[in-house]
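Summary of the model geometry
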Amino acid sequence: SGVLGGLVLDRRSGETPWRAMFLGGLMLGALVVTLVRPELAGAELETGWFGMIAAGLIVGFGTRMGNGCTSGHGVCGIGRLSQRSIVATCTFMAAGFVTVFVLRHLLGVL
């Protein structure tokens, strides 16, 4: 399960401390960046809160469905010469290429 899922759903495994520290570090890191470099915190979003929540859920679903995230497969998996990670990374890249081609050249969106 994911970091948050393991923290919330699997408290008996003994992994709660590192999961809580990891998630706390993500939030603390964002706070530190906001305080040290406030100009970086002023990014404007093209979507509202509903879009952000939907995007997060879709990414989480894809990560679960793909048995890992794109960077995990691409960096760690390929580094271990995992066939599953090599195929997954090639699939991610191909889907990205096709998406950009369709949006930019066929639909003229980008």
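Residues numbered from 1 in each chain as written. Predicted model: local features only at pLDDT ≥ 70, side-chain atom pairs only at ≥ 80, totals over all residues. Heavy atoms only, no water.

**Quick word on the overall build of the protein**
What the protein contains, in helices and strands, is 5 helices and 0 strands. Counting helices and strands in the order they occur from the N terminus, the protein gives α-α-α-α-α. Looking at the 110 residues of the protein, the share that counts as buried comes to 9%. Relative to all contacts within the protein whose residues are 6 or more apart in sequence, the contacts with residues 24 or more apart total 6%. (Helix = DSSP H or I, 4+ residues; strand = E, 2+ residues; numbered from the N terminus. Buried < 20%, exposed > 50% of the residue type's maximum accessible area, 1.4 Å probe, protein only. Contact = heavy atoms within 4.5 Å.)

**With respect to a nonpolar patch on the surface**
A surface patch of nonpolar side chains, amounting to about 580 Å² of accessible area, comprises Trp18, Met21, Phe22, Leu26 and Met27. Since its relative accessible area comes to 59%, methionine 27 is described here as exposed. (Patch = residues over 30% accessible without salt bridge, like charges linked within 9 Å, V, L, I, M, F, W, Y side chains within 5 Å. Areas by Shrake-Rupley, 256 points an atom, 1.4 Å probe, with all protein chains shown as cover. Salt bridge = Lys/Arg side-chain N within 4 Å of Asp/Glu carboxyl O.)

**Here we look at the pattern of salt bridges**
Enumeration according to the criterion identifies 1 salt bridge in this entry. For glutamate 39, the salt bridge identified is with arginine 37, shortest N-O distance 2.5 Å. When its relative accessible area of 42% is taken as the criterion, arginine 37 is described as partly exposed.

**As for unusual backbone geometry**
Non-glycine residue leucine 81 carries a positive phi angle of around 60°. If you trace the backbone, leucine 81 turns up in the loop between helix 4 (70–79) and helix 5 (83–106). Given a relative accessible area of 67%, leucine 81 falls into the exposed group.

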